[in-house]
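Analysis of the macromolecular model
Listed below, chain by chain, are the residues.
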Amino acid sequence: IVHCVGHMKEKVREHIEKQSFPEDAAIIFSEEEIPLGTGGAIKKALENSPSEIAVILNGDTFFPVDYGRFIEKHMEHDAYASICLKQIEDTGRYGTVVIDENNRIISFREKTGESEPGNISVGVYVFRKNVFDRFDLPEVFSIEKDFFEKHTDKLRIHGFVFTDYFIDIGTPENYQKAQEYFKNG
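Residues numbered from 1 in each chain as written. Predicted model: local features only at pLDDT ≥ 70, side-chain atom pairs only at ≥ 80, totals over all residues. Heavy atoms only, no water.

1. Re the overall build of the protein chain
Counting its regular elements, the protein chain contains 5 helices and 10 strands. The C-alpha radius of gyration computed for the protein chain amounts to 17 Å, which stays within 12% of the reference 16 Å derived for 185 residues, consistent with globular compactness. Considering only C-alpha atoms, the protein chain reaches an extent of 45 × 40 × 30 Å along its principal axes. By residue count, 40% of the 185 residues in the protein chain fall in the buried class. A separation of at least 24 residues holds for 68% of the contacts in the protein chain among residues at least 6 apart in sequence. Total accessible area computed for the protein chain in this model is approximately 10,800 Å², and 49% of it derives from carbon and sulfur atoms. For the protein chain, the centre of its 22 positive side-chain charges and the centre of its 33 negative side-chain charges are spaced 1 Å apart. (Helix = DSSP H or I, 4+ residues; strand = E, 2+ residues; numbered from the N terminus. Rg over C-alpha atoms; globule rule 2.2 N^0.38 Å. Buried < 20%, exposed > 50% of the residue type's maximum accessible area, 1.4 Å probe, protein only. Contact = heavy atoms within 4.5 Å. Areas by Shrake-Rupley, 256 points an atom, 1.4 Å probe, with all protein chains shown as cover. Lys, Arg positive; Asp, Glu negative; His and termini not counted. Charge placed at Lys NZ, Arg CZ, Asp CG, Glu CD.)

2. Let's talk about the pairing of strand S9 (residues 157–161)
Of all 5 residues making up S9, 4 are buried, and the element is well covered by its neighbours. Summarising the sheet, strand S5 (residues 81–88) and S9 pair through 5 bridges and their orientation is parallel. In the sheet register, Cys84 faces S9, and the bridge partner there is Phe160. (Pairing = 2+ DSSP bridges.)

3. Observations concerning the side chain of His3
You can see His3 is positioned in strand S1 (residues 2–5). The contact partners of His3, leaving out residues within four places of it in the chain, are Ile16, Ile27, Ile28, Phe29 and Ser30.

4. Brief notes about empty space enclosed by the protein
Evaluated as defined, the whole model comprises 1 cavity of 30 Å³ or more. Taken as a whole, the largest cavity encloses approximately 30 Å³ of empty space. What lines the largest cavity is simply Tyr94, Gly95, Thr96, Val97, Phe108, Arg109, Glu110, Ile120 and Ser121. Those elements that provide at least two residues to the lining of the largest cavity are strand S6 (95–99), strand S7 (105–110) and strand S8 (118–128). Residue composition of the lining of the largest cavity, by class: 4 nonpolar, 3 polar and 2 charged. (1 Å grid on protein atoms, 1.4 Å probe; cavity = no way out; pocket = protein on both sides within 12 Å on 5 of 7 lines; lining within 4 Å. Points joined across faces, edges and corners; volume = space filled by probe spheres on them. Nonpolar A, V, L, I, M, F, W, Y, C, P; charged D, E, K, R; others polar.)

5. A look at the packing of aromatic side chains
Counting across every chain of the model gives 17 aromatic pairs. Taken together, a centroid distance of 4.8 Å and an interplanar angle of 75° make the contact between Phe62 and Phe182 edge-to-face. Of the two residues, Phe62 sits in strand S4 (residues 61–62) while Phe182 sits in helix H5 (residues 172–184), which places them 120 residues apart along the sequence. On the accessibility criterion, Phe182 (48% relative accessible area) is partly exposed. With a centroid separation of 5.8 Å and 70° between ring planes, the pair formed by Tyr94 and Phe166 is classed as edge-to-face. Of the two residues, Tyr94 is situated in the loop between S5 and S6 and Phe166 in the loop between S9 and strand S10 (167–168); the sequence distance between them amounts to 72 residues. An identical accessibility class is assigned to Tyr94 and Phe166; each is buried. Site record: aromatic cluster; members linked through ring pairs are Phe108, Tyr125, Phe127, Phe132, Phe135, Phe141, Phe147 and Phe148. One Lys or Arg, Arg128, reaches over the ring of Tyr80 and ends 4.0 Å from the middle of that ring. (Phe/Tyr/Trp six-rings, centres within 6.5 Å; stacked < 30°, edge-to-face > 60°. Lys NZ or Arg CZ within 6 Å of the ring centre and 35° of its normal.)

6. Here we look at the pairing of S7
The side chains of a regular strand alternate between both faces of the sheet. By the bridge criterion, 5 bridges tie S6 to S7 in an arrangement that is antiparallel. Its bridge partner lying in S7, Thr96 is registered against Arg109. A loop of 5 residues connects S6 with S7, the two strands running antiparallel in sequence, and Asn103 in this loop sits at a positive phi of about 70°.

7. Points about the nonpolar core
Within the largest apolar cluster, 23 residues are counted, with the highest numbers of intra-cluster contacts made by Phe127, Val131, Phe132, Ile143, Phe147 and Phe148. Looking at this core, the elements that each hand over two or more residues are helix H2 (37–48), strand S3 (53–57), S5, S7, S8 and helix H4 (143–151). Counting 13 residues, the second-largest nonpolar core is a separate cluster that includes Val122, Phe160, Phe162 and Phe166. (Core = buried A, V, L, I, M, F, W, Y, C linked by side-chain atoms within 4.5 Å.)

Written as structure tokens, this is what we have:
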């Protein structure tokens, strides 16, 4: 389990080290000395990963998807990267992801502000460890803007729509909703 840590990394590390994990779980910290952006952090974490594929979870979203099923779909399509998607009525705050009939992503548009129904990325991914090897990416980059938006046509990147509960705690209102959700089970 690789944890990307930057801001307040000591407190995050201290909290994680107090948790119990299976005996055979290796806990690794991928530390950012400077903010690397979502892409830079993932790239650095993949370099520290002992696995050939990795499940990546954003720390500011909750989406209890069946990870085994998601990985199976990723492997069935022999994808370089796969993204969990959720269909919602207003994508303006999130951006949109368009897939074809084979679940291949044909368009990834990050946070356009346009209010329309569509699929959004929920911040849950499966990546091959070498997904970035073909690209000359800077140390600091956005996975959404600098990778997905620019390279969907160059790699097999797939998106799979799931109907599970989704919450993004990026606003005070949604943070409060998340608190209530976890409190009430």
